[in-house]
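# Residue-level structural notes
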2 protein chains.
Amino acid sequence: MITSLQNRNVKEAAALSAKKKERDRQGLFVVEGKKMFGEAPAEWISRVYIAESAEAEILEQYRAKLSGLSYETVSDEVFAKMSDTVTPQGILCLVRQQHYNIEEMLENANKKRMLFILLEDIQDPGNLGTIFRTAEAAGADGVIMSERTTDIYNPKTIRSTMGAVYRVPFFYAENFPSIFNKLQERNISVYAAHLKAETAYDVCDYKKGTAFLIGNEANGLSRETASCADQWISIPMEGRAESLNAAVASSILLYEAYRQRRNRT
Amino acid sequence: MITSLQNRNVKEAAALSAKKKERDRQGLFVVEGKKMFGEAPAEWISRVYIAESAEAEILEQYRAKLSGLSYETVSDEVFAKMSDTVTPQGILCLVRQQHYNIEEMLENANKKRMLFILLEDIQDPGNLGTIFRTAEAAGADGVIMSERTTDIYNPKTIRSTMGAVYRVPFFYAENFPSIFNKLQERNISVYAAHLKAETAYDVCDYKKGTAFLIGNEANGLSRETASCADQWISIPMEGRAESLNAAVASSILLYEAYRQRRNRT
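This is a predicted model, so every value here is computed, not measured.

## Structural notes on the sheet that holds strand β10 (residues 231–233) of chain A
All names here are of chain A. In space, the 6 strands of this open sheet follow the order β7-β6-β5-β9-β8-β10, with parallel pairing throughout. Bordering the open sheet on either side are β7 (170–173) and β10, each of which pairs with just one other strand. Between one strand axis and the next, the sheet turns by 25° as a mean value, whatever way the strands run. With 4 bridges joining them, strand β6 (residues 142–146) and β7 adopt parallel strand pairing. If you follow Ser 146 over to β7, its bridge partner there is Ala 173. Docked against the sheet, helix α12 (residues 246–262) engages β5 (115–119), β8 (189–193), β9 (210–214) and β10, running at close to 165° with respect to β9.

See the structure below:
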């Protein structure tokens, strides 16, 4: 059992929570809590730590999953140091980062009507995680992000995905607008959510290949990116509202596409 | 100019940011930032504090609004102590809490098809603020909350509303389900978003008086509250998604109602 706050593994977990650089260097990220451990693909898990006081209960609940993995028990004090959350649930694991290939993400474009969400420079970790969560629920095939979008492996983002990060393929694009060509070549239309659009989002037909493009929380879409879209769409607003939260805008669009696809009228 | 961290006004602003009890005792809440100051109804504002280094710029930008108000300049160190934000914008004000009357909120029910959102025990300040923001945008007439819903006057909630808190009437109900009667008497139907509902949200007609009922982030709706709704509705989900973020679910429903009302088909 690890009882020293100076232990190398303890410091490593804390560094992986706090620093993107460290996460990228090691190719790992930190997952906390029972639900997120329970849903993590076993073959992605690199290491598991369990708090002393939670050990009996967690062994009982996750016997099958833990049997194929080795885990280490740590004192409650050490666990609190490793944990990023206010009320730790007693289990934390290091998980291997996934690297999806954009060509593979698009390979089914001929067989099905795909649905993507494209994010330019989204900065809020909670927004990004919530978008993953909603994308899975709306049946999206993936999330494609500009390089300056916040890190999906930030612990707050991971938590907000509620497990969708394990199941929704994603890609950080070095040259973001160039990806649009790859989509368009496969008959996936890019709809940019834009405050200056004249077409309301709900008059378009999303039953064919569709990708929604959402801009940064404070600045919206860059001119270059917006100009590469096939169509600009607006989400109408009443009152003095000037914009919507980025995760909310994403959800309204994703669910409009999903609604159209479910109701074949 | 206030330069002492021990000044009574400085401590008061910090206490109002941190404690609901103090906010309720004084009937005030804290608003930070230029945009939120600019949108605050002048007659609601009780006191204004401006950071020394931002004074010239803020006086220039808000001359008209500030001319009717008295303000106090504080040193930057003092402002940082008063502020709840990581990057303070140099202006902070104390604003009087509003108390809406539920009967007044409903008095137009005969003249127009109203739209409300009903929240049971929502706990996340960001979710609550985002729901206000979306409610305004979707043209909702108000937000009605159970007593144990998180405080709208929490600084994080206020920020997330992006100003909607000034414009969307709201009400905390001591006896939450009893409010449903008041709505139903006025032909406003209560639709409970429920994971066990058999009716999809998008087959109902929301062109008449409509209220959407949303439950707590972790536990959903209580049995008693759910049983008082007119109809349960579900938001379909693909993949292994088990639920949606509460602000996302609210947005999907509010925008479906708004979509139907805008498109008269």
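Don't stop here, the text continues.
## Things to note about the sheet that holds strand β4 (residues 91–96) of chain B
Residue and element names in this part refer to chain B. Strands sit in the order β1-β4-β2-β3 across an open sheet of 4 strands; the sheet is mixed. Both edges of this open sheet fall to β1 (28–32) and β3 (71–74), since each of them pairs with a single strand only. When strand polarity is set aside, the average angle formed by the axes of neighbouring strands in this sheet is 20°. In terms of strand pairing, strand β2 (residues 45–51) meets β3 through 4 bridges, oriented parallel. Paired with Val 48 across the two strands is Tyr 71, which belongs to β3.

## A word on the confidence of the model for chain A
Confidence in the prediction for chain A averages 95 pLDDT; 99% of positions are at 70 or higher. For this predicted complex, the interface confidence reaches an ipTM of 0.96, while the overall pTM sits at 0.96.

## Quick notes on the domain arrangement of chain A
All names here are of chain A. By the assigned domains, chain A splits into domain 1 (8–96) and domain 2 (102–262). The centre of domain 1, based on its C-alpha atoms, is set 31 Å off from the matching centre of domain 2. Each side of the interface is counted separately: domain 1 has 14 residues, and domain 2 has 12 residues. Contact with domain 2 buries surface across domain 1, with Arg 23, Phe 29 and Met 36 losing the most and accounting together for 39% of the total. At the junction of domain 1 with domain 2, the criterion picks out 3 salt bridges. Residue Glu 39 is joined to Arg 167 by a salt bridge in which the shortest nitrogen-to-oxygen separation is 2.8 Å. When contributions to the side of domain 1 that touches domain 2 are tallied by element, the ones reaching two or more residues are α2 (20–26), β1 (28–32) and α3 (34–39).

## Notes on helix α10 (residues 176–185) of chain B
Residue and element names in this part refer to chain B. Listed as buried for α10 are Phe 176, Pro 177, Ile 179, Phe 180 and Leu 183. Taken down its axis, α10 places every buried residue within 140° of arc, on the same side. Immediately downstream of α10, the backbone of Asn 187 shows phi near 60°, a positive value.

## A closer look at the interface of chain B and chain A
Opposite the 33 residues of chain B that make contact, chain A presents 33 residues. Contact between chain B and chain A buries roughly 2,800 Å² in total, counting both sides, with carbon and sulfur atoms accounting for 50%. When the area that chain B buries against chain A is broken down by residue, the three leading residues are B:Arg133, B:Arg240 and B:Tyr255, summing to 20%. At the boundary of chain B and chain A, one finds 6 salt bridges. Linking chain B with chain A are 18 residue pairs in polar contact (both at pLDDT 80 or more). If you list the elements that add at least two residues to the side of chain B that touches chain A, you get α3 (34–39), α8 (125–137) and α12 (246–262) of chain B. Ranked by the residues each element gives to the side of chain B that touches chain A, the list is headed by α12(B), at 8 residues. Grouping the amino acids of the side of chain B that touches chain A by side-chain chemistry returns 13 nonpolar, 8 polar and 12 charged.

## Quick look at the pairing of β6(A)
Both faces of the sheet carry side chains from a regular strand, because those side chains alternate between them. Residue and element names in this part refer to chain A. For β6, the buried fraction is high: 5 of the 5 residues fall into the buried class. Side chains Gly 142, Ile 144 and Ser 146 project from β6 onto one buried face, and the interleaved Val 143 and Met 145 project onto a second face that is buried too. Here β5 runs beside β6; their pairing, made up of 4 bridges, is parallel. Paired with Ile 117 across the strands is Val 143, a residue of β6. At this point the chain moves from β5, through helix α8 (residues 125–137), to the parallel β6, and the crossover so formed is right-handed. Read as a crossover between parallel neighbours, the route from β6 over helix α9 (residues 155–161) to β7 is right-handed.

## Concerning the pattern of salt bridges
Charged atoms that come close allow side chains of opposite charge to pair. All told, the structure shown has 40 salt bridges over all chains when counted by the stated rule. A salt bridge links A:Arg186 to A:Glu103, with the shortest nitrogen-to-oxygen separation between them at 3.0 Å. Of this pair, A:Arg186 sits in the loop between α10 (176–185) and β8 while A:Glu103 sits in helix α7 (residues 102–105), placing them 83 residues apart in sequence. Salt bridges here are not isolated pairs; linked through shared partners, they connect A:Lys35, A:Glu39, A:Glu136, A:Arg167 and B:Glu242.

Definitions and limits used
- Residues numbered from 1 in each chain as written.
- Chains lettered and ligands numbered in written order.
- Predicted model: local features only at pLDDT ≥ 70, side-chain atom pairs only at ≥ 80, totals over all residues.
- Heavy atoms only, no water.
- Pairing = 2+ DSSP bridges.
- Helix = DSSP H or I, 4+ residues; strand = E, 2+ residues; numbered from the N terminus.
- Axes fitted to C-alpha atoms, helices over the stretch in contact; angles between N-to-C directions.
- Contact = heavy atoms within 4.5 Å.
- pLDDT = per-residue confidence, 0-100.
- Domains from an automatic or database assignment.
- Buried area = accessible area lost by both parts, 1.4 Å probe.
- Salt bridge = Lys/Arg side-chain N within 4 Å of Asp/Glu carboxyl O.
- Buried < 20%, exposed > 50% of the residue type's maximum accessible area, 1.4 Å probe, protein only.
- Arc of directions from axis to C-beta.
- Polar contact = N/O pair within 3.5 Å; in protein donor to acceptor, adjacent residues only side chain to side chain.
- Nonpolar A, V, L, I, M, F, W, Y, C, P; charged D, E, K, R; others polar.
- Right-handed = clockwise from strand over helix to strand, strands pointing away.

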